[in-house]
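Fold and contact review
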Amino acid sequence: MSGFLSRFNSFKRTNIILQHLRVSNHTDAAEVLLERKGCAGVITLNRPKVLNALTLNMIRQIYSQLKKWEQDPETFLIIIKGTGGKAFCAGGDIVAITKLSKTNRKITQDFFREEYILNNAIDSCQKPYIAFIHGITMGGGVGVSVHGLFRVATEKSLFAMPETAIGLFPDVGGGYFLPRLQGKLGYFLALTGFRLKGRDVYRAGIATHFVDSEKLGVLEEDLLALKSPSKENIADVLETYHTKSKIDQGKPFILEEHMDKINSWFSAKNVEQIIENIQQDGSSFAQEQLKVINKMSPTSLKITLRQLIEGSSKTLQEVLTMEYRLSQACTEGHDFHEGIRAVLIDKDQSPKWKPANLKEVTDEDLNNYFKSLGSSDLTF
């Protein structure tokens, strides 16, 4: 009998170890962690090796949980953050999407549709939504942060919308929030993919607060410890940390000295005129921007300018419907696949755009990108 018992205990121990392995395996594989902590729902993007790039599975999980927390009387706020310290979220996992879309067109439809529906859900979320945009925040990462009520940047934040370099356009509601930044700043960021770092992410209006990265942990604890907080209570906590942060406090906004030029150049109603405006300016800043814009997909540049001009007077939902049309046309086109190849797969940084120059991108071509998809249009 004792032999049986010891064997049974050993079996139990083995089983417990196996269960732990299963749990830890499952935890390792969890691309996104969704936890109730204190008064909050906490979303943690958990793919640090790929800079927390978003998959369709992650988008679905976040959306579903967001809707549950919105209805939960015990959840007073929602926090979203990334693991690994290097990135909040570097965007959608477009390399994976590109590969899958070659055999399954539906993947591209589902990914963009559900991503944009999530962007809209964040914008209309009934609970205060706080994004810790610590580290790299680009593309899809901007989509799951910028539409929230509060966005907290740190000295490690790096914001960019670099889509024109890969034959795409600054989506996830870029057509809504970019033209609403100061002056023509959003047009400049959209067409050049210019990177903003640290406090400049706050100064540009992308973030609502700036906090030293070493204080993010205690800020989160203070937020979680709030008792039935109002929006104002949450804002007070964020404001306290923001006020205490001294990093780069005295430094001017990196684009401050160039804003008059930017506002003047990007007031033009077509890309050719913008480029001519920049060419006529002999400054070294102008030369740098010219070099950058000339590397971008001519089609993407024209799509993006029109997207922002039209988006400046649309609601977010109207913008997302427009962007869904653009996403489907771009992912079926040459430049998107060529851009992904050159920048993210082969990394030769030498995309061969078709058409290769702006004058070959006709108004008719452009209109085709913006046309309705009929019953396949994105609706809310």
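What comes next is a walk through the structure. Being a predicted model, the structure only gives us computed values, none of them experimental.

**So, the side chain of Gln289**
Inspection of the secondary structure assignment puts Gln289 in helix α13 (residues 284–293). Residue Gln289 is classed as buried on the basis of its relative accessible area, which comes to 4%. Sequence-distant contacts of Gln289, that is, excluding residues within four places in its chain, are made with Phe188, Thr192, Phe194 and Trp265.

**Digging into empty space enclosed by the protein**
Taken as a whole and assessed by the stated rule, the structure comprises one cavity of 30 Å³ or more. When residues of the lining of the largest cavity are traced back to their parent elements, those giving at least two are α14 (298–311) and α16 (334–345). Looking at side-chain class alone, the lining of the largest cavity contains four nonpolar, six polar and one charged residues.

**Some words on the pairing of strand β3 (residues 77–82)**
Within β3, five of the six residues are buried, which leaves the element mostly enclosed by the surrounding structure. The pairing of strand β2 (residues 40–45) with β3 spans six bridges and is classified as parallel. Opposite Val42, over in β3, you have Ile79 as the bridge partner. A crossover links β2 with its parallel partner β3, the connecting element being helix α2 (residues 56–71), and its sense is right-handed. Alignment of β3 against strand β5 (residues 129–133), held across three bridges, turns out to be parallel. Looking at β5, one finds that Ile79 is bridged to Ile130.

**Topic: the packing of aromatic side chains**
Within the structure shown, the criterion is met by six aromatic pairs. When the centroid spacing of 6.0 Å and the interplanar angle of 65° are considered together, the rings of Phe112 and Tyr116 count as edge-to-face. Placement of the pair is Phe112 and Tyr116 together in helix α4 (residues 105–123), with a separation of four residues, close to one helical turn. Judged by its relative accessible area of 2%, Phe112 is buried. By relative accessible area, Tyr116 is classed as buried at 0%. One aromatic cluster is present, built from ring pairs that chain together Phe188, Phe194, Trp265, Phe266 and Phe285. The lysine or arginine in question, Arg180, covers the ring of Tyr176, its NZ or CZ lying 3.9 Å from the ring centre. Geometry around Tyr241 places Lys244 over its ring, the cationic atom sitting 5.9 Å from the centre.

**Remarks on the sheet that holds β2**
Taking strand neighbours across the sheet as the criterion, the six strands line up as β1-β2-β3-β5-β7-β10 in an open arrangement whose pairing is mixed. Looking at the sheet topology across the chains shown, the edges are occupied by β1 (32–37) and β10 (209–210). Here six bridges tie β1 to β2, and the two strands are oriented antiparallel to one another. Its bridge partner lying in β2, Lys37 is registered against Ala40. Against the sheet, α2 touches β1, β2, β3 and β5, its axis set at about 15° to β1.

**A look at the pattern of salt bridges**
Applying the stated criterion across every chain, the model contains 19 salt bridges. In this structure, the salt-bridge partner of Lys67 is Glu70, at a minimum N-O distance of 3.4 Å. Of this pair, Lys67 and Glu70 are both found in helix α2, three residues apart, which corresponds to roughly one turn of the helix. The closest approach of N and O atoms between Arg341 and Asp346, which form a salt bridge, is 3.0 Å. For Arg341, a relative accessible area of 22% gives the class partly exposed. According to the relative accessible area criterion, Asp346 is partly exposed, its value standing at 48%. Salt bridges sharing common partners tie together Arg60, Lys106, Asp110 and Glu114.

Rules behind the numbers
- Residues numbered from 1 in each chain as written.
- Predicted model: local features only at pLDDT ≥ 70, side-chain atom pairs only at ≥ 80, totals over all residues.
- Heavy atoms only, no water.
- Helix = DSSP H or I, 4+ residues; strand = E, 2+ residues; numbered from the N terminus.
- Buried < 20%, exposed > 50% of the residue type's maximum accessible area, 1.4 Å probe, protein only.
- Contact = heavy atoms within 4.5 Å.
- 1 Å grid on protein atoms, 1.4 Å probe; cavity = no way out; pocket = protein on both sides within 12 Å on 5 of 7 lines; lining within 4 Å.
- Points joined across faces, edges and corners; volume = space filled by probe spheres on them.
- Nonpolar A, V, L, I, M, F, W, Y, C, P; charged D, E, K, R; others polar.
- Pairing = 2+ DSSP bridges.
- Right-handed = clockwise from strand over helix to strand, strands pointing away.
- Phe/Tyr/Trp six-rings, centres within 6.5 Å; stacked < 30°, edge-to-face > 60°.
- Lys NZ or Arg CZ within 6 Å of the ring centre and 35° of its normal.
- Axes fitted to C-alpha atoms, helices over the stretch in contact; angles between N-to-C directions.
- Salt bridge = Lys/Arg side-chain N within 4 Å of Asp/Glu carboxyl O.

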